[in-house]
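Reading the structure
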Amino acid sequence: LAERPVRLGDTVTVSGTTAGAKDEFSSITCGSSYTMNGPQMYHKVMMSPGKTYRISWVPEFTYSRVYVFGATCSASAIQKDCSSKGTSGAYSGPTTSGSENTFTFKPKTKGYYTIAIDSRVASYSGKYSLTVEDYSQADNSTCAKAKKLTLTAGKVTVKDTTFGAKNEFGKAIRCGG
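Residues numbered from 1 in each chain as written. Predicted model: local features only at pLDDT ≥ 70, side-chain atom pairs only at ≥ 80, totals over all residues. Heavy atoms only, no water.

With respect to the helices and strands, the residue A21 is situated in the loop between β1 (11-17) and β2 (41-47). For the pair A21 and A122, spaced 101 residues apart in sequence, the C-alpha to C-alpha distance is 9.3 Å. For A21, the contacting residues outside a window of four places in its chain are P39, Q40 and M41. (Helix = DSSP H or I, 4+ residues; strand = E, 2+ residues; numbered from the N terminus. Contact = heavy atoms within 4.5 Å.)

What follows concerns the pairing of strand β6 (residues 101-105). With burial as the criterion, only one face of β6 is covered, namely that bearing N101, F103 and F105; the residues T102 and T104 on the opposite face remain uncovered. Sheet topology places strand β3 (residues 52-59) next to β6; five bridges connect them, and they run antiparallel. The residue bridging S56 from the neighbouring strand is T102, located in β6. (Buried < 20%, exposed > 50% of the residue type's maximum accessible area, 1.4 Å probe, protein only. Pairing = 2+ DSSP bridges.)

For the rest of this paragraph, the subject is the side chain of Q40. Among the structural elements, Q40 can be located in the loop between β1 and β2. Among all residues touching Q40, those that are not within four sequence positions of it are A21, K22, D23, E24, F25, Y67, I117 and D118.

Let us look at the state of the cysteines. Chemically, a disulfide is nothing more than a covalent bond linking the sulfur atoms of two cysteines. Taken as a whole, this structure holds one disulfide when the rule is applied. Here C30 engages in a disulfide with C82; their sulfurs sit 1.8 Å apart. Judged by the torsion about the S-S bond (65°), the C30/C82 disulfide is right-handed. Separated by 52 residues along the polypeptide, C30 in the loop between β1 and β2 and C82 in helix α1 (residues 75-82) bring together distant segments of the chain. When sorted by exposure, C30 lands in the same class as C82, which is buried. (Disulfide = S-S within 2.5 Å.)

On to the nonpolar core, then. With 18 residues, the main nonpolar core has I55, V66, V68, F103, F105, I115 and L130 as its most contacted residues. Secondary structure elements with two or more residues in this core: β2, β3, β4 (64-69), β6, β7 (111-119) and β8 (127-135). Setting aside anything within four residues of it in sequence, one finds V68 in contact with I55, S88, G89, A90, F103, F105, Y113, T114 and I115. By size, the runner-up hydrophobic cluster in this structure holds 12 residues, among which are F25, Y34, A75 and C82. (Core = buried A, V, L, I, M, F, W, Y, C linked by side-chain atoms within 4.5 Å.)

Tallied over the entire structure, the rule returns two salt bridges. Two residues, R54 and E133, come together in a salt bridge whose shortest N-O distance is 3.0 Å. One end of the pair, R54, is in strand β3; the other, E133, is in strand β8, with 79 residues separating them in the sequence. (Salt bridge = Lys/Arg side-chain N within 4 Å of Asp/Glu carboxyl O.)

On to the sheet that holds β8, then. Remark on secondary structure: sheet strands pair via backbone hydrogen bonds, oriented parallel or antiparallel. Reading across from one edge, β1-β8-β3-β6 is the order of the four strands in this open sheet, with antiparallel pairing throughout. Of all the strands in the sheet, just β1 and β6 have a single pairing partner and so form its edges. Within this sheet the neighbouring strands show an average axis-to-axis angle of 20°, counted without direction. Pairing of β1 with β8, which is carried by seven bridges, proceeds in the antiparallel orientation. Note on β8: the bridge partner recorded for V14 is L130. (Axes fitted to C-alpha atoms, helices over the stretch in contact; angles between N-to-C directions.)

Below, the discussion takes up unusual backbone geometry. The backbone of K85 sits at a positive phi, close to 60°, despite the residue not being glycine. Relative to the assigned elements, K85 resides in the loop between α1 and β5 (90-91). Using a relative accessible area of 83% as the deciding quantity, one classes K85 as exposed. Even without being a glycine, A153 presents a positive backbone phi close to 55°. Turning to its location among the elements, A153 is positioned in the segment after β8. What makes A153 exposed here is its relative accessible area of 81%.

Encoded structure:
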């Protein structure tokens, strides 16, 4: 396994290339209807439960995918983690060249997790930029912790994000329909 350890503080960005790498596990699908037969590169990150990690990347090649799995490097273990519905692994949708793709992962146990950059076929390889962020949700991500706003001259401006926030009430609330 070609490993490049990443020490996680708040945000880490690395650049690399899958060009010239080998397809180590050709039977992996990780949420796809096809096998990931392209070359892979790997990065390890220490993750902790109770935290949300935002994983973003921009490939310079088409049909790339990124997946996160536990420390065991075998095709069956990787596939199991990818199929865990976020319990022990996660995966992205396909990404085209030059487009950013982002997803979150909330590990259930503390330990090293491996992030793989992969693609559909061997000829789909190239440079990429990968960012892993220890992403903490805003304090006001639940109704009970609503942020108080103060109007100044009759208005207020707020810039925030709902990225990674949970849907607190599921389908119980329907506005307008």
